[in-house]
Amino acid sequence: MQIITIVGKASGREQKLEVSEVDHTQNLLFWLRDRGITIASSCDGDGVCKRCNIQHGWLTCQMTVGEFLIQEPSGRVEVGYL
Ligand code: FES
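Computed from a predicted structure; not experimentally measured.

Trainee: Just to check I follow, could you spell out the overall build of the chain for this structure?
Mentor: The number of helices and strands found in the chain is two helices and three strands. In sequence order, the chain lays out its α and β elements as β-β-α-α-β. A compact globule built from 82 residues should have a C-alpha radius of gyration of about 12 Å, and the chain, at 12 Å, falls within 12% of that. Seen through its principal axes, the chain has C-alpha atoms that stretch 30 × 30 × 20 Å. When burial is assessed residue by residue, the chain has 41% of its 82 residues classed as buried. The contacts in the chain between residues at least 6 apart in sequence include a share of 44% that link residues at least 24 apart. When the 8 positive and 10 negative side-chain charges of the chain are each reduced to one mean point, those points stand 9 Å apart.

Here is what the cut-offs are and how they apply
Residues numbered from 1 in each chain as written. Predicted model: local features only at pLDDT ≥ 70, side-chain atom pairs only at ≥ 80, totals over all residues. Heavy atoms only, no water. Helix = DSSP H or I, 4+ residues; strand = E, 2+ residues; numbered from the N terminus. Rg over C-alpha atoms; globule rule 2.2 N^0.38 Å. Buried < 20%, exposed > 50% of the residue type's maximum accessible area, 1.4 Å probe, protein only. Contact = heavy atoms within 4.5 Å. Lys, Arg positive; Asp, Glu negative; His and termini not counted. Charge placed at Lys NZ, Arg CZ, Asp CG, Glu CD.

Right under this line is the structure:
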C-alpha cells in the first residue's frame, strides 16, 4: 500500500491518503476530490484553465495517480488550501 501525503502550502497541514493498485489508473484531480481534497478548477478537467496545478506546475487533471507517483515517488502533493 502506497501513501500520498497532501500538504497545504499556507497552513503546513498534512493529510495522508492510502493508494491501492486500482487507484493508479484514476485521474489525480478526481481521485483527490473524491477524498475531500479541494483542488481549484474551472474547466472541470479539460486541461484548459490551469487552475488545478500542484508543485512544478503539474496539472492534476492531466495525470493519473500512477503517473504522479512515478514523477513524485515521495507521494507529496502540495496544494494551496488544506
Ligand atoms: S481542471 Fe482546468 S486545467 Fe485542470
